[in-house]
Amino acid sequence: MTPDEAVARAGPDRPVLVAGPTASGKSGLALAIVAAHGGRIVNADALQVYDTWRILTARPGPDETARAPHLLYGHVGDGADYSVGHWLREVAPLLSAGPRPVIVGGTGLYLSALTEGLADIPPVPTAVRARADALHHDAMLAALDADTRARIDPLNPARVKRAWEVQEATGRPLARWQDETPPPLLPPGDALALVVEAPRDVLTPRIEARFDAMLEAGALDEVRAVLPGYDPGRPAHRAIGAPELAAHLRDEIDLATARERAIVATRRYAKRQRTWFRARMGRWESVEMPA
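Residues numbered from 1 in each chain as written. Predicted model: local features only at pLDDT ≥ 70, side-chain atom pairs only at ≥ 80, totals over all residues. Heavy atoms only, no water.

1. Considerations on the overall build of the protein chain
Of regular secondary structure, the protein chain possesses 14 helices and 6 strands. Its C-alpha atoms give the protein chain a radius of gyration of 19 Å, near enough to 19 Å, the size a compact globule of 291 residues would have. The principal-axis extent of the C-alpha atoms belonging to the protein chain is close to 50 × 50 × 35 Å. Counting every position in the protein chain, which comprises 291 residues, the buried fraction comes to 47%. (Helix = DSSP H or I, 4+ residues; strand = E, 2+ residues; numbered from the N terminus. Rg over C-alpha atoms; globule rule 2.2 N^0.38 Å. Buried < 20%, exposed > 50% of the residue type's maximum accessible area, 1.4 Å probe, protein only.)

Now the structure itself:
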């Protein structure tokens, strides 16, 4: 369906889910739905929850927040421990009280946990996390059982590390925990579930234009402010583009090279997002974003 058709379908009552790769226009679609039918926009992006970056994560700015209520954006401190479980606990009351939510984001794990359920895995001890930090990605991946390897993105360091930590801390594979998952908070059938489709030839120029707009809006200054304590291993610091702009600010590469590498990293991330959505959200309704 077209974006206009999606807005018409949304109506004023039931929750709406809007997934899509980075720079696909999903936030604009969510705004259009709320403008037409009411509601409030709820963030489902794992980096936009942090107060560290506004520009580099494309967090809604003053213009957007003036047009509609926005919740769960930039409300978590830089050093805070925040997971999909924290997010689900914050989303739960928004599903049953207040204006209906329009939940929008590109973090597939958040949206899948919301609509499929989340395993009740005990917290991972600090000592286990420290051991994981010392291991190579390939070593952790090789240590996982076949079922878990088949369910995660093997190229995503955070997902591989999480699976290894759960297995090491609990003595049980992540896949087995997932098999005992409780019912979801919001089954897809109880909402209008949309996936924004943006083919590569449409998305690539959008990614390039958005990163250039970020540079114009002050992305370098944003990274410069974080640089003294910048730690790419910290969840709050994993904004795409931050490593490249930090390298430029340290005089390791010129700005043109930093821009090119950041755009390539963004394209690779968008590809991983599309792969997740195809695998986990095949029954969601497709919205074709025009060029």
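2. Considerations on the environment of Arg259
Position of Arg259 relative to the elements: it lies in helix 14 (residues 255-280). Considered as a pair, Arg259 and Leu174 are 85 residues apart in the sequence and their alpha carbons are 37 Å apart. The residues contacting Arg259, other than those within four sequence positions of it, are Glu208, Phe211, Asp212 and Leu215. (Contact = heavy atoms within 4.5 Å.)

3. Observations concerning the side chain of Thr266
For Thr266, the location among the structural elements is in helix 14. Judged by its relative accessible area of 8%, Thr266 is buried. Side-chain polar atoms of Thr266 contact the backbone oxygen of Ala262, separated by 2.8 Å. Ignoring sequence-local partners within four residues, the contact set of Thr266 consists of Thr22, Ile207 and Ile240. (Polar contact = N/O pair within 3.5 Å; in protein donor to acceptor, adjacent residues only side chain to side chain.)

4. Considering the sheet that holds strand 1 (residues 16-19)
Taken together, the 6 strands give an open sheet; going across it, the order is 3-2-4-1-5-6, and neighbouring strands pair in parallel fashion. The sheet terminates laterally at strand 3 (70-71) and strand 6 (285-288), the two strands that pair on one side only. Bridge count for strand 2 (residues 40-43) against strand 3 is 2 bridges, and the pairing is parallel. Opposite Val42, over in strand 3, you have Leu71 as the bridge partner. (Pairing = 2+ DSSP bridges.)

5. Observations concerning the packing of aromatic side chains
Aromatic rings in a pair are described by how distant their centres are and how their planes are angled relative to each other. According to the stated counting rule, one finds 1 aromatic pair in the structure shown. Over the aromatic face of Trp177 sits the side chain of Arg172, whose NZ or CZ is 4.4 Å from the ring centroid. (Phe/Tyr/Trp six-rings, centres within 6.5 Å; stacked < 30°, edge-to-face > 60°. Lys NZ or Arg CZ within 6 Å of the ring centre and 35° of its normal.)

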